[in-house]
Amino acid sequence: ATALAAAAAATAACARAIHAPSMAESSASSASPSTRGGTPSHSGVDPTPDASSRVVSPKQGQGRNLGGGAVRFAPAPPPSGRPDLSLALVQVLCRHGDRTSINPLPNETREHWRKHLPSEQLERSLSAAASPSPPNPTLVDQLFNRAAWHGQLTTQGVAQLTDTGRAMRRWLVDDLALLPSDAATAVNEGRVKVRSTGTKRTVQSAQSLISGLYPELVRGGDASATPIPVEVRERERESMFPNPAMRCARLLELMRKLDKDDRVKAAEAAAWAREGLRATRDAVHARNVETRRKKREEARKKAREMNGGIYSSSSSSS
């Protein structure tokens, strides 16, 4: 849920909000940070739960928009001709917040990123708001040989998603009363369901959103409060990003269409045309080529040593 992506996704979610007859009692809010994302600009927001977020004033003629920071929610009215319908379910799809680079950058060190990463205390606060279910899932971060700071949510990313959660609370709790005001009731009645893809940055994004939606979980007002579960599926069963392992024909079809889309190609070409990005890409590419050359040389050296050892052993035994 980087600021711009969250604004677009949340508005789209509201526009597609499910309406049901006013007698319907079931309601829920589902937040699902996805794996991929970027780092668009966002006004600085204090990530602590007590910090107040900016409210974006609705422009005249746009109806009542509820927002926090750069996030805006535009509640959709019931379908025309069915005034008896009322909002029953909201699904909000968010991208993760601001993150560090996934791939190594030239001359970077952990010290470059340290001041931008959440502290242990902040991570504990996020875990108090929401925790993965089942516990201790195998995250994608553990499957790749990357530095510990690569692809991690920053404190700015925590602030962005917390801000989004606050905006959702004003909309769904304070304004519409669609969700209960306390987390315990929301969990016990099954009113809130949260899913995240299996990376640390998306799980922490979900935790940050919940800390804004139900800040009492972070403030520690109720020592017996149970964190809201965040469903994290096994990688083979994950459906919130292009996943060939699912063997879903429709998903593969959509992936191929996206790869061939002229607008996507044009946007990528424009991005790579930027001088700063091109220079960084060239530097990273040169380093990767050198790394692969060294690995090949090491492999050949080991092969020569192994072959020489086998030959010597065979000669001595004969």
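To be clear, the structure that these remarks concern was listed above.
Residues numbered from 1 in each chain as written. Predicted model: local features only at pLDDT ≥ 70, side-chain atom pairs only at ≥ 80, totals over all residues. Heavy atoms only, no water.

> Whenever I open this one, the overall build of the chain confuses me. Can you help?
Counting its regular elements, the chain contains 10 helices and eight strands. For the chain, buried positions account for 36% of its 318 residues. At a minimum sequence separation of 6, the contacts of the chain that also span at least 24 residues come to 81%. Accessible surface, the chain: about 18,500 Å² in total, of which carbon and sulfur atoms supply 53%. (Helix = DSSP H or I, 4+ residues; strand = E, 2+ residues; numbered from the N terminus. Buried < 20%, exposed > 50% of the residue type's maximum accessible area, 1.4 Å probe, protein only. Contact = heavy atoms within 4.5 Å. Areas by Shrake-Rupley, 256 points an atom, 1.4 Å probe, with all protein chains shown as cover.)

> What exactly am I supposed to notice about helix H3 (residues 120–129) here?
Those residues of H3 lying buried are Leu 122, Leu 126 and Ala 129. Buried residues of H3 fall within an arc of 55° about the axis and therefore sit on the same side. Facing away from the buried side of H3 by over 90 degrees, the exposed positions are Glu 120, Gln 121 and Arg 124. Packed against the buried residues of H3 are strand E6 (130–133), helix H4 (155–175), helix H6 (200–213), helix H7 (216–219) and strand E8 (228–232). (Arc of directions from axis to C-beta.)

> Would you mind going over the side chain of Glu 238 with me for this structure?
Relative to the helices and strands, Glu 238 resides in the loop between E8 and helix H8 (249–260). Polar contacts involving the side chain of Glu 238 include one to the side chain of Arg 195, which spans 2.6 Å. In this structure the side chain of Glu 238 is engaged in a polar contact, spanning 2.9 Å, whose partner is the backbone nitrogen of Met 240. Ignoring anything within four residues of it in the chain, the contact list for Glu 238 reads Arg 195, Ser 196, Thr 197, Arg 233, Asn 243 and Met 246. (Polar contact = N/O pair within 3.5 Å; in protein donor to acceptor, adjacent residues only side chain to side chain.)

> Got a minute to help me understand the pattern of salt bridges in this structure?
Oppositely charged side chains can pair when the atoms bearing their charge come close. Applying the stated criterion across every chain, the model contains 14 salt bridges. Note that Glu 123 is salt-bridged to Lys 200, the shortest N-O span being 3.4 Å. Linking Glu 123 in helix H3 with Lys 200 in helix H6, this pair joins segments that are 77 residues apart in sequence. A relative accessible area of 25% places Glu 123 in the partly exposed class. Residue Glu 231 pairs with Lys 193 through a salt bridge whose shortest N-O separation is 3.7 Å. One end of the pair, Glu 231, is in strand E8; the other, Lys 193, is in strand E7 (residues 192–196), with 38 residues separating them in the sequence. (Salt bridge = Lys/Arg side-chain N within 4 Å of Asp/Glu carboxyl O.)

> In this structure, what is going on with the environment of Ala 186? I would like to understand it.
With respect to the helices and strands, Ala 186 occurs in helix H5 (residues 183–188). The exposure class of Ala 186 is buried, given its relative accessible area of 0%. Expressed as a C-alpha distance, the spacing of Ala 186 and Tyr 214, which sit 28 residues apart in the sequence, is 9.6 Å. The residues touching Ala 186, leaving out its near neighbours within four places in the chain, are Pro 180, Arg 191, Val 192 and Tyr 214.

> Can you walk me through the nonpolar core in this structure?
For soluble globular proteins, the rule of thumb is that nonpolar side chains tend to be buried together. Core analysis: the largest hydrophobic core is formed by 28 residues, its most contacted members being Leu 172, Leu 179, Val 194, Ile 210, Tyr 214, Leu 217 and Ile 228. Every element with two or more residues in this core is listed here: strand E5 (85–92), H4, H5, E7, H6, H7 and E8. Sequence-distant contacts of Ile 210, that is, excluding residues within four places in its chain, are made with Ala 129, Ala 130, Val 194, Leu 217 and Ile 228. (Core = buried A, V, L, I, M, F, W, Y, C linked by side-chain atoms within 4.5 Å.)

> Would you explain the environment of Ala 147 in this entry?
With respect to the helices and strands, the residue Ala 147 is situated in the loop between E6 and H4. For Ala 147, a relative accessible area of 24% translates into the label partly exposed. In this structure the C-alpha to C-alpha distance between Ala 147 and Arg 110, which are 37 residues apart in sequence, comes to 8.4 Å.

> What am I meant to see in the environment of Cys 94 here?
Among the structural elements, Cys 94 can be located in the loop between E5 and helix H2 (110–114). When the C-alpha positions of Cys 94 and Leu 209 are compared, they lie 9.4 Å apart, and in sequence the two are 115 residues distant.

> Where do I start with the packing of H4 against H6 in this structure?
Helix-helix packing is characterised by the crossing angle of the two axes and by the distance between the axes. The N-to-C vectors of H4 and H6 enclose an angle of 40°; their axes lie 6 Å apart at closest approach. With respect to each other, H4 and H6 are oriented oblique. Handedness of the H4/H6 crossing: right-handed. Here Val 158, Leu 161, Thr 162, Thr 164, Gly 165, Arg 166, Met 168 and Arg 169 of H4 come into contact with H6, specifically with Ser 205, Ser 208, Leu 209, Ser 211, Gly 212 and Leu 213. (Axes fitted to C-alpha atoms, helices over the stretch in contact; angles between N-to-C directions. Parallel < 35°, antiparallel > 145°, perpendicular 65-115°, else oblique. Left-handed = near helix turned anticlockwise from the far one by under 90°.)

> Quick question: what am I supposed to make of unusual backbone geometry here?
Excluding glycine, a negative phi dihedral is what most residues carry, and trans is how most peptide bonds are arranged. Cis geometry is adopted by the peptide bond preceding Pro 134, which originates at Ser 133 and carries an omega value of 5°. With respect to the helices and strands, Pro 134 occurs in the loop between E6 and H4. Backbone geometry places Asn 136, a non-glycine residue, at a positive phi of 50°. Inspection of the secondary structure puts Asn 136 in the loop between E6 and H4. Residue Asn 136 is classed as exposed on the basis of its relative accessible area, which comes to 74%. Even without glycine at this site, Ala 177 takes up a positive phi of about 55°. Mapped onto the fold, Ala 177 is located in the loop between H4 and H5.

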